[in-house]
Amino acid sequence: MKRNDLFREAKRYLAGGVDSPVRAFKAVGQPPVFMKKGNGKYIYAEDRRRFTDFCLSWGALILGHNDPAVRRAVQAAAGNGTSFGAPTRNETELAKLVSACVPSIERVRFVNSGTEAVMSAVRLARGFTGRDAVVKFDGCYHGHSDGLLASAGSGVAGLKRSSSSGVPDDVVRKTISLPYNDPEALERTIRRLRGKVACVLIEPVPANMGLVLPRPGFLEKVRELTSRHGIVLIFDEVITGFRMGLGGAQGFFGVTPDLTTLGKIIGGGLPVGAFGGRKEIMDRLAPEGNVYQAGTLSGNPLTMAAGIAVIRGLIANRQAYARMEKLVADFAREWRAASPFTVNCAASMFSIFYTDRPVSNYGGACAQDKKAFRAHYRRCLGAGIYLPPATCETSFISVRHGAADLEGILRSARRR
Ligand SMILES: Cc1ncc(COP(=O)(O)O)c(C=O)c1O
């Protein structure tokens, strides 16, 4: 079947032809590439084209595709059955690994997606504080639960309005979205809503308006204000967890939240999410407490086996973090010399912004030249490079990528 036929057929049966909107390649202006398999840094299309993958299942595959240890762990677990709906030792084992690496996580609960993790963490923060309001930041994406779509990044950034149809105004009213990197706006809002803010929810390094870095002192100020006002600080580390180091962004910056949400990497490419934090807060969850949260497939045996293999692999190869960081920093420096377009980078992540201005918040991220993006994207695709197919996204490398792979992107800039 030809490339376009695959999408045409998918559209007859799947809503929009995809199971997640950004995959549809709307921003690229052509049908999506259907993938068949992945190995290491490569992903292979149904039509046998091979791409160096910088999307890596949206950051989940830090060890690359089809990592042998992860594959073996999943195969062994599948041999014992796929789900029990009862406790298993591997849930405790993965929880131990997570809290050894991220010390602020004294207790954890595994769920099936990042969306579920953040939705549950917010409910817990509300239950713990007895307050309703949630403060988030423009352009941060925290999954697709109703209240958190307000001024969200990632695929929501492509919608015409700032949230989604189908979300009642009453629900969004409890969500206050502020400009990122603006501590005064946060301070003003907390004062105005005196005693009403349950939590401040933040991507410590936003990766869903493209990659944006916190200005020096911003996260520290957020921590100070939330502590001072008895507000639960939630770091959404669904992307940055185990990506910015074993300790995530909180380890990287030395700023400790009350609750953390995780996803992606800790499931090795299987459906996963987790939220965890201070024991005192986590104890409010059912069955110990009265904040309800549950899941038929939560802590799934295949996911737990994959997650354990990934985290053990990262612990054994922790020097890979510095190597990946250097690769990306070198790439960014060379990109700046070769292209007028802005690049932001941190750890093993980078984003090209199709503007010549620095980008430090959502306003900056939205002001991109979409035509230039399309042209560059298609040039990369033609050269065997698979980047995330939209402007407000982040590219990732894995432990399997090398300097030569990033050189391919540089060549695409020079061929303008
Ligand atoms: C920071 C962040 N939080 C939450 C989510 C939602 O995770 P999921 O897509 O697994 O529901 C994402 C997804 O990209 C994310 O980047």
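Check the entry above for the structure.
To start, this report covers the structure provided alongside it. (Residues numbered from 1 in each chain as written. Predicted model: local features only at pLDDT ≥ 70, side-chain atom pairs only at ≥ 80, totals over all residues.)

### Observations regarding the packing of helix α3 (residues 68-78) against helix α11 (residues 301-316)
At a minimum axis separation of 8 Å, α3 and α11 run at an interaxial angle of 155°. Considered as vectors, α3 and α11 are oriented roughly antiparallel to each other. Relative to α11, the crossing made by α3 is right-handed. Seen from α3, the contacting residues are A69, V70, A73, V74, A76, A77 and A78; seen from α11, they are P301, L302, A305, A306, I308, A309, V310 and G313. (Axes fitted to C-alpha atoms, helices over the stretch in contact; angles between N-to-C directions. Helix = DSSP H or I, 4+ residues; strand = E, 2+ residues; numbered from the N terminus. Parallel < 35°, antiparallel > 145°, perpendicular 65-115°, else oblique. Left-handed = near helix turned anticlockwise from the far one by under 90°. Contact = placed C-beta atoms within 7 Å.)

### As for the packing of helix α12 (residues 320-338) against helix α15 (residues 403-414)
Following both chains from N to C, one finds α12 and α15 inclined at 15°, their axes separated by 10 Å at the closest point. As the angle between them shows, α12 and α15 are arranged roughly parallel. The hand of the α12/α15 crossing is right-handed. Contacts between α12 and α15 pair L327, D330, F331, E334, W335 and A338 from the former with A403, L406, L410, A413 and R414 from the latter. Here the contact of α12 with α15 is composed, by residue class, of eight nonpolar, no polar and three charged. (Nonpolar A, V, L, I, M, F, W, Y, C, P; charged D, E, K, R; others polar.)

### Comments concerning the site of the ligand
Around the ligand, the structure places 16 residues, and the nearest of them are S113, G114, T115, G143 and V238. It is helix α5 (residues 114-129) that contributes the most residues to the shell around the ligand, three residues altogether. The residue inventory of the shell around the ligand, partitioned by class, reads five nonpolar, nine polar and two charged. (Near = placed C-beta within 6 Å.)

### Re the environment of S298
Relative to the elements of secondary structure, S298 occurs in the loop between α10 (279-282) and α11. In the structure, S298 is positioned 222 residues away from A76 in sequence and 19 Å away in space, judged by C-alpha atoms. The contacts of S298, once residues within four sequence positions are left out, are F110, V111 and N112.

### Observations regarding the environment of L285
By the secondary structure assignment, L285 is in the loop between α10 and α11. Taking the C-alpha atoms as reference, L285 lies 28 Å from F252; in sequence the two are 33 residues apart. Those residues in contact with L285, other than ones at most four positions away along the chain, are R109, L124, V291 and Q293.

Take it as geometry only, folks, not as evidence of what the structure does.
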